[in-house]
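Topology and contacts: notes
Here's the letter readout for the chains.
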Amino acid sequence: HAGLLHTTEELIKQFGCNESCHNLLSSFLQQILSLSLQLCQHGLNTVDPDIIQALLNLLSQTLLSCPVLLVNIDGMVMNCYNLGKASLLLPEHQSIVAGSSLLVTIINISPSIEIVNEVVSIRGKDLVESILKGIGGDIDRSELDVVSNILSLLLQYYVSELAGWMEELLSQRNFPTAHPTEMEKQLFKQTILRERGNRKIVKDKVKEFSLTCRGFHGTLYAAETS
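Figured I'd write up the structure that's included with this text.

Moving on, we come to the overall build of the chain. Within the chain one finds twelve helices and zero strands. Taken from N to C terminus, the helices and strands of the chain fall in the order α-α-α-α-α-α-α-α-α-α-α-α. For 226 residues, the compact-globule estimate of 2.2 N^0.38 gives 17 Å, and the chain sits close to it at 19 Å. Expressed as a percentage of its 226 residues, the buried residues of the chain come to 46%. Here the contacts in the chain between residues at least 6 apart in sequence split such that 70% fall between residues at least 24 apart.

Below, the structure is given as structure tokens:
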């Protein structure tokens, strides 16, 4: 199945810009995606990682090359969004990278495509919740740059919404973990929003807050990994 997804991605790359091929490509793509989504219905952890990565890459390529092919499929933009979000918690590095790439593509094109913007606006809080849980310990610290990139894009395109989502989520007790104080959570939020134009500072603050959330702040481990 992964091979079929790779082949479809190549077809999209070569013929996606050719409007005379859109009807044929759309029909073929719908069949492939329908089958792929059926494989994923019991959770991404139950699917071969090669298939997950190939599916995520296909979706990213289609949204980049010819988004209309996906936008015109009922519910597909939301499916793309949910797949990207779920992939952030997978154990395989390449799956996380592929899912992050899909989310980055979705956020980048959202200002110019109304339905994509609606999905991000409506479900953005869910994504931020996953990102904060990841920072808190649900993902390996080696993957923090990946989620930082997504956070930076949300800061670029949805800063006012992000401020509200972070305020609501971080005001919850023991979220994302019991380790950070309310002051530390507020300081993290304020710094991220203030430094939204500086991706390096955002990455550094994400790593710093992650150490705090995992109970490592001020320890020898923190000093050695900073």
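A full pass over the atoms with the stated rule returns eleven salt bridges. For Glu168, the salt bridge is made with Lys125, and the minimal N-O distance between the two is 2.5 Å. In this pair, Glu168 sits in helix α9 (residues 159–170) while Lys125 sits in helix α7 (residues 114–138), placing the two residues 43 residues apart along the sequence. Note on Glu168: relative accessible area 43%, which makes it partly exposed.

Below, the discussion takes up unusual backbone geometry. Of note, the bond from Phe175 into Pro176 is cis; its omega dihedral lies within 30 degrees of zero at 0 degrees. Locating Pro176 in the fold gives a position in the loop between α9 and α10 (182–194). Unusually for a residue other than glycine, Asn174 sits at a positive phi of about 60 degrees. Looking at the element boundaries, Asn174 is found in the loop between α9 and α10. On the accessibility criterion, Asn174 (46% relative accessible area) is partly exposed.

Let us look at the packing of helix α8 (residues 144–157) against helix α11 (residues 199–213). In the contact formed by α8 and α11, the axes pass within 9 Å of each other and the chain directions differ by 125 degrees. The angle between the axes of α8 and α11 places the two elements in the oblique class. In this structure, α8 meets α11 at a crossing whose hand is right-handed. Here Leu144, Asp145, Ser148, Asn149, Leu151, Ser152, Leu153, Leu155 and Gln156 of α8 come into contact with α11, specifically with Arg199, Val202, Lys203, Val206, Lys207 and Ser210.

The next point concerns the packing of aromatic side chains. All chains considered together, the criterion is met by one aromatic pair. Judged by centre distance (4.1 Å) and plane angle (10 degrees), the rings of Phe188 and Phe209 are stacked. Pair noted here: Phe188 is in helix α10 and Phe209 is in helix α11, with a separation of 21 residues, a long-range link. Taking the relative accessible area as the measure of exposure, Phe188 reaches 5% and is therefore buried.

Below, the discussion takes up the side chain of Ser148. Relative to the elements of secondary structure, Ser148 occurs in helix α8. Looking at Ser148, the relative accessible area reads 1%, which means it is buried. With near-sequence residues (within four places) excluded, Ser148 lies in contact with Val202, Lys203 and Val206.

A few words now on the side chain of Glu9. For Glu9, the location among the structural elements is in helix α1 (residues 2–15). With sequence-adjacent residues up to four places away left out, Glu9 is seen in contact with Asn57, Leu58 and Gln61.

Another point: α10. Here α10 spans 18 Å end to end across 13 residues, near enough to the 18 Å set by a 1.5 Å rise per residue. Those residues of α10 not exposed but buried are Lys185, Phe188, Lys189, Thr191, Ile192 and Leu193. If you follow the buried residues of α10, they end up packed against α7, α8, α9 and α11.

Rules used in this analysis
- Residues numbered from 1 in each chain as written.
- Predicted model: local features only at pLDDT ≥ 70, side-chain atom pairs only at ≥ 80, totals over all residues.
- Heavy atoms only, no water.
- Helix = DSSP H or I, 4+ residues; strand = E, 2+ residues; numbered from the N terminus.
- Rg over C-alpha atoms; globule rule 2.2 N^0.38 Å.
- Buried < 20%, exposed > 50% of the residue type's maximum accessible area, 1.4 Å probe, protein only.
- Contact = heavy atoms within 4.5 Å.
- Salt bridge = Lys/Arg side-chain N within 4 Å of Asp/Glu carboxyl O.
- Axes fitted to C-alpha atoms, helices over the stretch in contact; angles between N-to-C directions.
- Parallel < 35°, antiparallel > 145°, perpendicular 65-115°, else oblique.
- Left-handed = near helix turned anticlockwise from the far one by under 90°.
- Phe/Tyr/Trp six-rings, centres within 6.5 Å; stacked < 30°, edge-to-face > 60°.
- Expected span 1.5 Å × (residues − 1).

So, to be careful, I would describe these as geometric facts and stop short of saying anything about function.
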